[in-house]
Amino acid sequence: MQVLTIAPGAAAVNYQKYFDSMDKNADGFADLAEYKAAYLSGDSNMDGVITMAEFIKRYGAPLGLSGKQVMALFFYADKNDDKIIDDAEINRSYDEFDRDLDGMMTVDEYETTEKGYEVILGELSAIIEKLSRKIDEVDTDKDGKLTFAEAYSVVDQAGDGIDLTEFQAFYQENLGATASESANFFYYYDTDKNGKIEGDDEVNNIFSSFDINKDGFLSKDEYINALVYQGAYILKNRLVPVAATNSPSFSIEAAFKVADNNSDGAITKNEFAPPGEITITEFIPTYMAAGLNRARSMYIFFLIDNNEDQKISQSELEDTFDSIDGDDDGKITLPEYAVMVNQTFAEVEEAVRIYPRIAALFMRADADSDGNLTRTEMRSLLSGADQDSDGLASEAEFKEFWRNNTGEPESRTDLLFGYIDQDSDGYFGNDLEPANLFDGFDYNDDDLVSSQEFADSMLFLFARATGDLKIAADAGQILGWFF
């Protein structure tokens, strides 16, 4: 299977030719079986998986790619980082090509996706080039090796420890990472949570993992390979929301006009809350099609779904209408609608602010780095909060752990502990509490919590806490009238 059909800068490629070689029955479509057969043509020992060596042999010289370029592509294709490309990953790769997910890849879909891979290869090639230049700059004796101190100085140019700003600048410049993506790695490496990566323990923790042959030095290849792996990790996990930015196509005015069915300049309750129910799987694609990203679409759903049954009923929409209708005249005007939208977006921005820290917690718990948490790995999060190692996290222990790791305010941290302490005994970890938490996060019921499920569940808890704080504030205002 030609994962890539062209290297950047090469002559134009005949995508039809490569597609036809895969379409064995010449029906104009490539189904999963045909795609899989083409992909596994590089499986030299016929064990049903592709190793890195097989991948490099199959796609290196035939495509005119360097060993590092092919290795970078392998890192990208190996979605669960287990050093092989297995059946599940080949199926997932097919879904990337079969863009409408109808089980029949067309040549147009093939060409579009291949061009996307070319962009990815270009980004990974740029990472290799930049890192190679960086290493040459700090390798003062030009022996092709870096001490840990030299490797550290690549990032810590001021010599006073690597803070978040320096770390982000390095990862953005050299790996093409966003600020949030860079922060994921920073919080992962900053094990003592003092806001800097410094000291022998933290430095050795980073670079000993890069030092494959354990000789106490980093060769140019070891350094580049480790960071290219991180660059590929960032690219292949970019589907997880890291920011709540709108699509440029979203317009508050346009969204208002869609809801205003009779175009009279106001939205009535009947227009806003039609009969029937809307499931979360119906709601999110509709809002994303309107120009909102997944995080914002999901957050809005969570806010409206008051009874948390994963459906929005007509009565819940009516309650939402009443909360937006500020003057209680039975109509929502454009200014009222805009206030609600902007307030909601501000809340989402606040929610995704902690995504990098949440992602760092996930990465630490994910012991086998497969992108999923087992029940045991999920429970290991408890050990960080269990300061006295009694198998339980007290309320005080949990709050300190959560605030230190996420920067969340005390008000939301208090509510979060209340949600997970289901028997209200002041401790988390009793009886079925960890199991119930895992089951709540594992919404696709495959007995694993993916990074997407983890992020979505944390967004849900944030929305729930924000809603409860609003209710408490409203209650306080009401009581203020009487006392």
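Please read all numbers here as calculations on a predicted model, not as lab measurements.

Chemist: Explain the overall build of the protein chain to me, and be specific about the residues and the numbers.
Modeler: In terms of regular secondary structure, the protein chain is built from 23 helices and 14 strands. Over its C-alpha atoms the protein chain spans a radius of gyration of 26 Å, differing by no more than 12% from the 23 Å that the globule rule assigns to 483 residues. By its C-alpha atoms, the protein chain is 80 × 60 × 45 Å across when sized along the principal axes. For the protein chain, buried positions account for 46% of its 483 residues.

Chemist: An account of the packing of aromatic side chains is requested, with residue identities and associated values reported.
Modeler: Taken as a whole and assessed by the stated rule, the structure comprises 25 aromatic pairs. Relative to Tyr94, the ring of Tyr35 has its centre 5.3 Å away and its plane inclined at 65°; by these criteria the two rings are edge-to-face. Highlighted residues: Tyr35 in helix H2 (residues 32–39) and Tyr94 in helix H5 (residues 87–97), separated in sequence by 59 residues. An identical accessibility class is assigned to Tyr35 and Tyr94; each is buried. The interplanar angle of 70° and the centroid separation of 5.5 Å between the aromatic rings of Phe256 and Tyr337 together place this pair among those described as edge-to-face. Here Phe256, found in helix H12 (residues 252–259), pairs with Tyr337, found in helix H17 (residues 334–352); they are 81 residues apart in sequence, far enough to count as distant. Assigned by exposure class, Phe256 and Tyr337 land together as buried. Among the aromatic residues, those joined into a ring-pair cluster are Phe19, Tyr35, Tyr39, Tyr94, Phe97 and Tyr110.

Chemist: Could you give an account of the confidence of the model for the protein chain, naming the residues involved and the relevant values?
Modeler: Looking at the protein chain as a whole, its pLDDT mean stands at 80, while 90% of the residues score no less than 70. Here residues 239–248 scores under 50 on pLDDT; set against residues more than four positions off or in separate chains, the count is 26 contacts. Ignoring residues within four places in sequence, the model shows residues 474–483, a span with pLDDT below 50, making zero contacts including any to other chains.

Chemist: Lay out the nonpolar core in plain terms, naming residues and giving numbers.
Modeler: Formed by 69 residues in total, the largest nonpolar core has its most connected members in Tyr39, Phe55, Met105, Tyr171, Phe207, Phe210 and Tyr223. Sorting elements by how many residues they give to this core places helix H6 (residues 107–138) first, with 11 residues. Core analysis: the next-biggest nonpolar cluster, separate from the first, contains 33 residues, Ile267, Ala273, Ala295 and Leu459 among them.

Chemist: Kindly report on helix H8 (residues 164–175), identifying the contributing residues and their values.
Modeler: The first and last C-alpha atoms of H8 sit 15 Å apart over 12 residues, in line with the 16 Å expected at 1.5 Å per residue. Looking at the residues trailing H8, positive phi occurs at Gly176, about 70°.

Chemist: Now, about the packing of helix H19 (residues 375–385) against helix H22 (residues 433–441): what can you tell me, with residues and values included?
Modeler: If you want to describe how two helices pack, look at the angle between their axes and the distance between the axes. Following both chains from N to C, one finds H19 and H22 inclined at 120°, their axes separated by 10 Å at the closest point. Every pair of crossing elements has a handedness; the one defined by H19 and H22 is right-handed. In this structure, H19 uses Arg375, Met378 and Arg379 to contact H22, whose residues at the interface are Pro434, Ala435, Leu437, Phe438, Asp439 and Phe441.

Chemist: Lay out the pattern of salt bridges in plain terms, naming residues and giving numbers.
Modeler: Tallied over the entire structure, the rule returns 14 salt bridges. The partner of Asp221 in a salt bridge is Lys68, and the shortest N-O contact between them spans 2.5 Å. Linking Asp221 in helix H11 (residues 220–236) with Lys68 in helix H4 (residues 67–77), this pair joins segments that are 153 residues apart in sequence. By relative accessible area, which is 43% here, Asp221 ends up partly exposed. A salt bridge links Glu395 to Lys399; its shortest N-O distance comes to 2.7 Å.

Reading the values: the criteria
Residue positions are given per chain, counting from 1 as you read along its sequence in written order. Local features in a predicted model are, by the rule used here, given only for residues with pLDDT of at least 70; side-chain atom pairs are given and counted only at 80 or more, and totals for whole chains, interfaces and linings are based on all residues. Only heavy atoms go into the side-chain values, all of them from the structure, while hydrogens and water stay out. By definition, any uninterrupted DSSP run of H or I lasting at least four residues is a helix, any uninterrupted run of E lasting at least two residues is a strand, and each is numbered from the N terminus. Radius of gyration here uses only the C-alpha atoms, and the compact-globule reference equals 2.2 Å multiplied by the residue count raised to the power 0.38. When a residue's accessible area, from a 1.4 Å probe over protein chains only, is under 20% of the maximum for its type it is buried; when over 50% it is exposed; and in between it is partly exposed. Aromatic pairing here means that ring centres of Phe, Tyr or Trp (its six-membered ring) are within 6.5 Å. Orientation follows from the plane angle: under 30 degrees is stacked, over 60 is edge-to-face, and everything else is tilted. Confidence scores per residue from the predictor, reported as pLDDT, run from 0 to 100. Should any heavy atoms of two residues lie within 4.5 Å, those residues are considered in contact. Put simply, a nonpolar core is a bunch of buried Ala, Val, Leu, Ile, Met, Phe, Trp, Tyr and Cys residues held in one set by side-chain atoms that sit within 4.5 Å of each other. Here the expected span of a helix is defined as 1.5 Å times the quantity of residues minus one. Structural elements are reduced to axes, namely lines fitted to C-alpha atoms, with helices fitted over the stretch in contact, and the angle between N-to-C directions of any two is expressed from 0 to 180 degrees. Take the far helix as the reference: if the near one is turned anticlockwise from it by less than a right angle, the crossing is left-handed, and if turned clockwise, right-handed. Should a side-chain nitrogen of Lys or Arg be within 4 Å of a carboxyl oxygen of Asp or Glu, the pair is scored as a salt bridge.

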